[in-house]
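Close look at the chain arrangement
In case you want the letters, here they are:
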Amino acid sequence: MFWGNIAFSQVLTGYDRADHDQVGKSVAVASDPPLINEVKKPAKEETKAKNSLDSTFSKEAKNEPVDLQADNLTHDDQNQMIEASGNVMLVQAGRILRADKITYDLSKDTVVASGHVVLNEENGDIHYAEEVQFNDQLKTGFVKGLKTFLIDGSRFTAKDGARNNGVETVMTDASYTPCEECKEDPDRAPVWAIRASKVTHDSEDHEVSYNNAWFELWGVPVAYTPYFTHPDGTIKQQSGFLTPSAGYKSELGAFVSTSYYWAIAPDKDATIGVTAMTEEVPLGTAEYRQRWGNASVELAGSGTYSTRTRDELGVNVKQEEELRGHLFGEGLWDINEKWRTGVNLELASDDQYLRQYDLSSEDILENEIYAERFSGRNYTVARALAFQDLRVRDTPVDQPDVVPEILTSFVGEPGSVPVLGGRWQVDGSFLGLRREGDDQDLNRLGGKVSWQRRFVSDLGLVTSVDGNIRGELYNVRDRDRATPGSGLDKQTTETRVFPQAHIQSSYPVARGFKKFQAVVEPIVSLTAAPNIDISEDIPNEDSQDVQIDASNLFEANRFPGLDRVEDRSRVTYGLRTGVYGYEGSHADIFVGQSYRLDEDDNPFPEGSGLNNQESDVVGQLSGRYKESYNLNYRFQLASETLAAQRHEVDASATWERFHVNSRYLFAKGLAGTDIDESREQIQGSASYNVTKAWRVGGGATQDLGSNSGLRTAYGTIDYQGQCVSLGLTGQRNLTDDSSGDSDTEIVFRIGLKNLGEFEASGLRVDSSEE
């Protein structure tokens, strides 16, 4: 609204300060030269008007610069009226007011602007009115025939309105819509609008309220409420109820949920909600957030008293009701420019709760407290971690607590090593693992010193050299291997020192063509290390999941952790080639393999692709054609038979309105790990833009392994308009009921620009603006 944005008293008082030579022309009260327009009235009458206004308004004048232009300016002594007419324009503080006529009644202290009244706000909003009237030093007023266009495309209209005490604006027969006007028919009803007999805007409470409000679709009233309120958009937070949701979920029954947002202070807020269900007791939710200058904290939790399903001898049995819930939290404190500390909290009452209520799909919850230090190239972190395994399995796995883990790294500047050149690096670590009862515990202290240098010859040969020596000290208690009758002590201390040298060279050759560039790059590396005895007394806690692929084939150590080392020497070789279009398209392929110079004492497990003297052949084929086609294929083939060990395919294509996406995975099992069985799965999705606004789509996941079957399937219908969005999604999950994943859900969404998103199923509410 534009009540009081232009101080008319300043304009008239400013006229008194104008140069007398400009009387009879336009008046400009500003530092810039006045704008000149010829007028018909004589200067004598203009000066008389000025003198009459001097004593009246000089006390009320402010220091805001004001420009006034008008074809005519007259003064009526008898009726105490001052009138500016003919292309009247006032400019103040970035706002521009235009009207056919502006009249000031001295006796009633009333200013009236009439005839094609237009106000351009500094932020881009534009207001139109038939007539505007101000009085009481512009604190109160009246507007007739208001029509407003906001910068975001929203529109607001009112038959008339009143401004009270400079704070409250009351409008009658008013309407609001964020929908743009139809270009072919501007008078056509918008897609949706809110129409009310009375609308009140309180600029102090920053709130807009509606009385007797109707929600209209294409001009047809479809919903009524006697009272409705929402923030006016000028503040970032406002207490109030969020959009409710209602629907049906096969595991919960019919439900309705609502939440209340509490704006405690600018730096803190909270959300409290409840969901009532026909098949379970109500679910309560809460969230709290607070931010300081150098710290922040977020907490979210829920609770209920409900049942869950347990697998007993292959039969899913529903348990008795019990208290269930979850608590998630995150805190961060930036102590100074180098140090920061934080905490992450994730707790759940049982392994099904989060999935049953659609709160999270995480399989393992991680709780962490940490401290970090950053200094140039150097980094140090110390942390303690505890895990909660939510995977449903016959034999639960005792996840160890990490108390503590310390990692530190110091990196020298390039060229900082005398004589040799290159740079140095020193790494250190400490790991403590604690398990409950008599299960295995471990302490590990490690250190590594390394040197790296890169050479580029005049012929284009690129060579990198890496030499390092590392050592670890282990203390193991309650060893898993110390079973009754084994003769092994429950506690042992082991040490290991391991030097290694790694040299890698590549020779990229490129040739340019008219539309693309072709590149061929052979790569070879030599890794040299001594033969060390692989002690079974050193447990393998962090190097179990070993998988060779194109990304780690040339790494010096292809174990993911420190508990295992790749001893002895080997040669690794590969070839990368491709064509790269200048417009962004490309196609490239990589194939590589490694060869151990000694076939004895291979440290890698069966299925890793590295357990033979010749590693499996790995490669990657990737390509992209403009913005339409994408392909990424990664493979692993047995070294002797070239039998498939792993295939991963990601592909997508777009043909104008039609888009498809697919993903395929086949992987052999890895001995000694949780994934000791082969896996095969395919996912696919497709969407079609029926029009610019309407889209349909669907997708499915199919398990092709030993326990084959459809896992998930969904379908969607979406409408995305300028001011409204609609969405209908149906989804079916087909997994083990004991995991809390098997269910059917139908979600219907209605998104209204600037009002939020109404969701007819699910437990979330999205109130963000489109």
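Worth saying up front: this structure is predicted, and the values here are computed from it rather than measured.

Reading the values: rules and limits
- Residues numbered from 1 in each chain as written.
- Predicted model: local features only at pLDDT ≥ 70, side-chain atom pairs only at ≥ 80, totals over all residues.
- Heavy atoms only, no water.
- Helix = DSSP H or I, 4+ residues; strand = E, 2+ residues; numbered from the N terminus.
- Buried < 20%, exposed > 50% of the residue type's maximum accessible area, 1.4 Å probe, protein only.
- Areas by Shrake-Rupley, 256 points an atom, 1.4 Å probe, with all protein chains shown as cover.
- Patch = residues over 30% accessible without salt bridge, like charges linked within 9 Å, V, L, I, M, F, W, Y side chains within 5 Å.
- Salt bridge = Lys/Arg side-chain N within 4 Å of Asp/Glu carboxyl O.
- Lys, Arg positive; Asp, Glu negative; His and termini not counted.
- Charge placed at Lys NZ, Arg CZ, Asp CG, Glu CD.
- Phe/Tyr/Trp six-rings, centres within 6.5 Å; stacked < 30°, edge-to-face > 60°.
- Contact = heavy atoms within 4.5 Å.

Notes on the overall build of the protein
A count of helices and strands for the protein gives three helices and 44 strands. Buried positions account for 39% of the 770 residues belonging to the protein. When the accessible surface of the protein is split by element, carbon and sulfur atoms take 53% of a total near 41100 Å².

Concerning a negative patch on the surface
A contiguous patch of negative charge, built from D401, E436, D438, D439 and D480, is present on the exposed surface. Structurally, E436 is set in the loop between β27 (423-434) and β28 (441-456).

Here's the deal with the packing of aromatic side chains
Scanning all chains against the criterion turns up 15 aromatic pairs. Taken together, a centroid distance of 5.1 Å and an interplanar angle of 50° make the contact between W214 and Y224 tilted. Residue W214 is located in strand β12 (residues 207-217), and its partner Y224 is located in strand β13 (residues 220-231); the two are separated by 10 residues in the primary sequence. Judged by relative accessible area, Y224 falls into the partly exposed class, the value being 42%. Where W655 meets F658, the ring centres are 6.0 Å apart and the plane angle is 15°; that geometry is what we call stacked. Of the residues examined, F658 reaches a relative accessible area of 32% and is grouped as partly exposed. Each member of the aromatic cluster is reached from another via a ring pair, and the members are Y625, Y629, W655 and F658.

A few points about the environment of V565
Structurally, the position occupied by V565 is in the loop between β32 (516-528) and β33 (570-581). Overall, the relative accessible area of 6% leaves V565 in the buried class. Spatially, the C-alpha atom of V565 lies 7.6 Å from that of P603, the residues being 38 residues apart in sequence. For V565, the residues in contact, after removing those within four places along its chain, are R470, R496, F498, I532, N557, F559 and P603.

As for the environment of I682
Here I682 is to be found in strand β39 (residues 679-689). In this structure I682 comes out as partly exposed when scored by relative accessible area, which is 36%. If near-sequence neighbours (up to four positions away) are discounted, I682 is found in contact with R663, Y664, A700, T701, Q702 and L704.

Let's talk about the pattern of salt bridges
Within this structure, the stated rule accounts for 34 salt bridges. Across the salt bridge formed by R570 and E566, the nearest N and O atoms sit 3.3 Å from each other. The class of E566 is buried, set by a relative accessible area of 1%. Among the ionic pairs, E648 bridges to R634, the shortest N-O distance being 3.4 Å. With E648 in strand β37 (residues 644-655) and R634 in strand β36 (residues 629-637), this residue pair connects regions lying 14 residues apart in the sequence. Among the ionic contacts, a cluster of salt bridges with common partners joins R634, R646, E648, D650 and R663.

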